[in-house]
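Structure at a glance
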Amino acid sequence: QPDPGSSATGSAIAALANSLVGTSFKLGGVGPAEFDNPGFVYYCYRQNGITVPRKASAMAAGGREVVRDALQAGDIVVFSNADFVGIYIGSGQFVSCNNPSQPTGAQSLSSGYWSERFLTARRYGD
């Protein structure tokens with residue numbers, strides 16, 4: 001369930017991301033059958049008519065900054081050294097395509113691992 005205030009486009013991006021849980025990881029993959037980490041975000045946005053950069057670091061530098069407490073469905077969450085991204089889907093959860101042993105899946109922003117590595121969030125489009 002998207003958080004209140006989420007735009008229609010953001011909610012559509014989040015719904016697409018959530019529908020792709022279980023999709024395989026492949027370096028260089030931009031979907032729809034296989035993704036790398038930024039390729040997953042790139043695909044979900046592109047399918048909703050929004051062009052974002054292809055690299056995680058460029059995604060982290062673009063759009064509008066969003067503070068963690070103001071996240072809305074469809075926002076891009078950025079971790080570590082701006083080298084890992086995911087799509088916020090609401091209720092403190094995000095979806096990302098991690099690596100070959102952990103394909104696309106939902107994660108909690110409040111888990112120790114992700115909470116400690118959260119860097120910023122970005123909003124593109126609406």
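Description of the structure in this document. (Residues numbered from 1 in each chain as written. Predicted model: local features only at pLDDT ≥ 70, side-chain atom pairs only at ≥ 80, totals over all residues. Heavy atoms only, no water.)

Re helix H1 (residues 8-19)
Along an α-helix, a turn takes 3.6 residues, which lines up residues three or four apart on a common side. Filter applied, for reference: Every helix listed is a DSSP run of H or I at least four residues long, and every strand listed is a run of E at least two residues long, numbered separately from the N terminus. To estimate the expected span of a helix, subtract one from its residue number and multiply by 1.5 Å. Only protein chains enter the accessibility calculation, which uses a 1.4 Å probe; a residue whose area is less than 20% of its type maximum is buried, one above 50% is exposed, and one in between is partly exposed. Summarising the geometry, the arc corresponds to the directions from the helix axis toward the C-beta atoms. Throughout, a contact is declared for two residues whenever any of their heavy atoms are within 4.5 Å.
If you check H1, its first and last C-alpha atoms are 16 Å apart, about what twelve residues at 1.5 Å a residue would give, namely 16 Å. Buried residues of H1: Gly10, Ile13, Ala14 and Ala17, and no others. Down the axis of H1, the buried side of the element spans an arc of 95°, and every buried residue falls inside it. Across H1 from its buried face, at more than 90 degrees, point the exposed residues Ala8 and Ser19. Residues of H1 that are buried sit in contact with helix H2 (37-46), strand S5 (84-90) and strand S6 (93-96).

Some thoughts on the sheet that holds strand S8 (residues 118-123)
Strands in a sheet are paired, the pairing made by backbone hydrogen bonds, and the direction either parallel or antiparallel. Quick note on the threshold: Strands are labelled as partners when DSSP assigns at least two bridges between them. Every angle, taken between N-to-C directions, lies between 0 and 180 degrees, and every axis is a line fitted to C-alpha atoms, over only the stretch in contact when it is a helix.
Judged by pairing direction, the sheet is antiparallel, and its six strands sit side by side in the order S3-S8-S4-S5-S6-S7 without closing on themselves. The open sheet has two edge strands with one neighbour each: strand S3 (64-66) and strand S7 (105-108). Going from strand to strand, the sheet's axes swing by 40° on average, the running direction of each strand aside. Strand direction decides the pairing type here: strand S4 (residues 76-79) and S8, joined by four bridges, are antiparallel. Within the sheet, the bridge partner assigned to Phe79 lies in S8 and is Phe118. With respect to the sheet, H1 is in contact with S5 and S6, its orientation differing from that of S5 by roughly 110°. Contacts from H2 reach S4, S5 and S6, with the element oriented near 45° to S5.

Structural notes on the packing of aromatic side chains
Centre-to-centre distance and the angle between the planes together describe a pair of aromatic rings. For clarity, the cut-off: Note on ring pairs: Phe, Tyr and Trp rings are taken, using the six-membered ring of Trp, and paired if centres are within 6.5 Å. Classes follow the plane angle, with under 30 degrees stacked, over 60 edge-to-face and the rest tilted. Throughout this description, the term charge over a ring refers to an Arg CZ or Lys NZ atom that lies within 6 Å of the ring centre and within 35 degrees of the ring normal.
Within this structure, the stated rule accounts for ten aromatic pairs. Relative to Trp114, the ring of Phe94 lies with its centre 5.2 Å away and its plane at 85°, an arrangement referred to as edge-to-face. Taken together, the residues Phe94 in strand S6 and Trp114 in helix H4 (residues 112-117) connect sequence positions 20 residues apart. Assessed through its relative accessible area of 10%, Trp114 is described here as buried. Through a chain of ring-to-ring contacts, three or more aromatic side chains come together here, namely Phe79, Phe84, Phe94, Tyr113, Trp114 and Phe118. For the cation-ring pair, Arg68 lies above Phe118, with the distance from its terminal atom to the ring centre recorded as 4.9 Å. Above the face of the Tyr113 ring, Arg117 is positioned so that its terminal group lies 3.7 Å from the ring centre.

A few points about the pairing of S8
In terms of burial, S8 is largely enclosed, as five of its six residues are buried. Relative to S8, S3 runs antiparallel, the two being bridged by three bridges. Directly across from Arg64, in S8, lies its bridge partner Arg123.

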